[in-house]
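Chain residues, written in single-letter form:
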Amino acid sequence: MAAERALTMATCTAPVNIAVIKYWGKRDTDLILPINSSLSVTLHQDQLKTTTTAAASRDFTEDRLWLNGKEADVGHPRVQACLREVRRLARKRRGGGEDAAALSLSYKIHIASENNFPTAAGLASSAAGYACLVSALARLYGLEEELSEVARRGSGSACRSMFGGFVQWQRGERPDGTDSLALQVAPETHWPELRVLVLVVSGEKKPVGSTAGMQTSVETSPLLKHRAEVVVPERLAQMMQHIRDRDFEGFGQLAMRDSNQFHATCLDTFPPIFYLTDVSRHIIALAHRYNAHHGHTKVAYTFDAGPNAVIFALADTVAEFVEVVRRSFPPATNGDQFVRGLPLGSAVLPPELEAAVLTEPVPGAVQYILHTKPGPGPQLVDDPSQHLLGPDGLPRSRA
């Protein structure tokens, strides 16, 4: 039976997630165990996703990996950790024996992965990437068990991308990490009016990567220790309640406060880490002026380890706030491509809003806006034409 299967292939897509209660700092850097629990919103894959194809064949002579069309280091410790864990689970599932119909665990693997958004620009590319890698490998080997623990070994936040909607990554207590897992708090259908705007300020790679940055913070920031032990447990419970109640005022205020505290811990790190730029700070001030004008929280920002803003709003606010952003940061060249993603109505700003909220414009500072919403977890791609690898196990040329 196995001899007939020259090439076995599986393709999956996986989403980006944006934390509203932030993860920053590991207590075990090898197992990727966090110093605090975190909570995120999974974004819709129609706008942001990683696609990964994993293929196995007895004809392959070595494991190989391609990222966005370029060959990459398959020996990267985190890639190897995911491969090793999935193969271990597959072996365990088979009871140590080799099922004649099952894919041989000794076959080498080829993996191709592509993002439809900038890699390593503070858009949680590693979370989507490792969630997708683990999902594709699991499908290849016929695994169906809880996989967030495996995805965590690739990138901590990847465990949260294994589910759709609103997701908690539990800190866990055990030294072996078996209880440091992701759990869905609510599905993506829970809050249908919630919308997300990603304001892309920069598509450049960040100056200090998350892995290095967070460990310096753990070693040097007393504020981070206080945050993990005292602040986050209380905020996590509050945030879960706001989500359950679909309370945007509470959700938005807490998301902004937690983002600000995360960046305060970066500033409290020694030497300090600066992920926010002048444009990021302009966006923060703009959101506060907008909310003050309306007298309540209509938009809420959060920033991960990078300058790009993620704005939460309800559907009836989006068009007006996008117009505020467009007027504040007029697009340099791409006026028609400035807003991408979900369709958007137009809005005319009332004069009193203009007077209260708009200041001197900064042309070209925001490259574009991506309009999206909460979405589902990893998906299997059934259409063979969507495989990133061809019948020879090498990347298909993308015309």
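Note that this is a predicted model, so its numbers are computed, not measured.

1. Description of the sheet that holds strand 7 (residues 64–67)
Move 1: Strand order in the open sheet formed by 6 strands is 8-7-9-6-1-17, and the pairing between neighbours is mixed. Looking at strand neighbours, the two that pair on one side only are strand 8 (70–72) and strand 17 (379–380), the edges of this open sheet.
Move 2: Bridge count for strand 6 (residues 49–57) against strand 9 (residues 108–115) is 8 bridges, and the pairing is antiparallel. Residue pairing across strands places A54 opposite I111, the latter belonging to strand 9.
Move 3: Sitting on the sheet, helix 2 (residues 125–141) is in contact with strand 1 (8–15), strand 6, strand 9 and strand 17, with an inclination near 150 degrees to strand 1.

2. Observations regarding the pattern of salt bridges
Move 1: Tallying each qualifying case throughout the model produces 12 salt bridges.
Move 2: Salt-bridge contacts for E85 lead to R153; the nearest nitrogen and oxygen are separated by 3.9 Å. A residue pair is termed long-range when its members are at least 10 positions apart, and E85 in helix 1 (residues 77–93) and R153 in the loop between helix 3 (148–152) and strand 10 (166–169) qualify at 68 residues. Side by side, E85 and R153 carry an identical accessibility label, which is buried.
Move 3: Between K225 and E229 there is a salt bridge; the shortest N-O distance is 2.7 Å. Taken as a pair, K225 and E229 lie in helix 5 (residues 222–245) at a separation of 4 residues, close to a single helical turn.
Move 4: Its relative accessible area of 52% is what places E229 among the exposed residues.

3. Some words on the nonpolar core
Generally speaking, nonpolar side chains in soluble globular proteins are found buried as a group.
Move 1: With 62 residues, the main nonpolar core has F251, I283 and F312 as its most contacted residues.
Move 2: A90, A131, L147 and A158 belong to the second largest nonpolar core, which has 34 residues in total.

4. Looking at the pairing of strand 16 (residues 368–372)
Move 1: The element strand 16 is largely enclosed, with a buried count of 5 among its 5 residues.
Move 2: Of the two faces of strand 16, the one holding Y368, L370 and T372 and the one holding I369 and H371 are both buried throughout.
Move 3: Across 5 bridges, strand 12 (residues 194–200) lies against strand 16 in antiparallel orientation. Bridge pairing in strand 16 places V198 opposite L370.
Move 4: Handedness of the crossover joining strand 15 (residues 339–341) and strand 16 through helix 9 (residues 351–357) is recorded here as left-handed.

5. Some thoughts on the pairing of strand 6
Move 1: Strand 6 sits mainly inside the fold: 8 of its 9 residues count as buried.
Move 2: Pairing of strand 1 with strand 6 involves 8 bridges; the strand directions are antiparallel. If you follow M9 over to strand 6, its bridge partner there is A55.

6. Some remarks on the sheet that holds strand 2 (residues 17–21)
Move 1: Strand order in this open sheet of 4 strands is 2-5-10-11, and the pairing throughout is antiparallel. Two strands close off the open sheet at either side, each with one partner strand: strand 2 and strand 11 (182–186). Across the sheet, the mean angle from the axis of one strand to that of its neighbour is 35 degrees, orientation sign disregarded.
Move 2: Here strand 10 pairs with strand 11 via 4 bridges, running antiparallel. Bridging across to strand 11, F166 finds its partner in A186.
Move 3: Sheet contacts for helix 6 (residues 248–268): strand 2 and strand 5 (38–42); angle to strand 2, the most-contacted strand, approximately 90 degrees.

7. Some remarks on the environment of G165
Move 1: Structurally, G165 can be placed in the loop between helix 3 and strand 10.
Move 2: Spatially, the C-alpha atoms of G165 and P374 are 5.6 Å apart, while their sequence positions differ by 209 residues.
Move 3: Residues contacting G165, with those up to four places away along its chain left out, are S40, V41, T42, Q184, A186, P187, E188 and G375.

8. Topic: the state of the cysteines
Move 1: Under the counting rule described, the total for this entry stands at 0 disulfides.
Move 2: With no disulfide of its own, C159 lies closest to C82 among cysteine sulfurs, the gap being 11 Å.

9. Concerning the packing of helix 5 against helix 6
Move 1: At their nearest, the axes of helix 5 and helix 6 sit 10 Å apart, and the two run at 165 degrees to each other. Considered as vectors, helix 5 and helix 6 are oriented roughly antiparallel to each other. Here helix 5 runs over helix 6; the crossing is left-handed. Facing helix 5, whose interface residues are P222, L223, L224, R227, V231, R235, Q238, M239, H242 and I243, helix 6 presents G250, F251, L254, A255, R257, D258, Q261, A264, T265 and D268.
Move 2: Considering only residue class, the contact of helix 5 with helix 6 consists of 10 nonpolar, 5 polar and 5 charged.

10. Describing the packing of helix 1 against helix 2
Move 1: Where helix 1 meets helix 2, the axes come as close as 10 Å, and the angle between the chain directions of the two elements is 30 degrees. Looking at the two axes, helix 1 sits roughly parallel to helix 2. Considering how the two elements wind past one another, helix 1 and helix 2 form a crossing that is right-handed. Facing helix 1, whose interface residues are R78, V79, C82, L83, V86, R87 and A90, helix 2 presents Y130, L133, V134, L137, A138 and Y141.
Move 2: Taken together, the residues of the contact of helix 1 with helix 2 sort by class into 11 nonpolar, no polar and 2 charged.

The rules behind each value
Residues numbered from 1 in each chain as written. Predicted model: local features only at pLDDT ≥ 70, side-chain atom pairs only at ≥ 80, totals over all residues. Heavy atoms only, no water. Pairing = 2+ DSSP bridges. Helix = DSSP H or I, 4+ residues; strand = E, 2+ residues; numbered from the N terminus. Contact = heavy atoms within 4.5 Å. Axes fitted to C-alpha atoms, helices over the stretch in contact; angles between N-to-C directions. Salt bridge = Lys/Arg side-chain N within 4 Å of Asp/Glu carboxyl O. Buried < 20%, exposed > 50% of the residue type's maximum accessible area, 1.4 Å probe, protein only. Core = buried A, V, L, I, M, F, W, Y, C linked by side-chain atoms within 4.5 Å. Right-handed = clockwise from strand over helix to strand, strands pointing away. Disulfide = S-S within 2.5 Å. Parallel < 35°, antiparallel > 145°, perpendicular 65-115°, else oblique. Left-handed = near helix turned anticlockwise from the far one by under 90°. Nonpolar A, V, L, I, M, F, W, Y, C, P; charged D, E, K, R; others polar.

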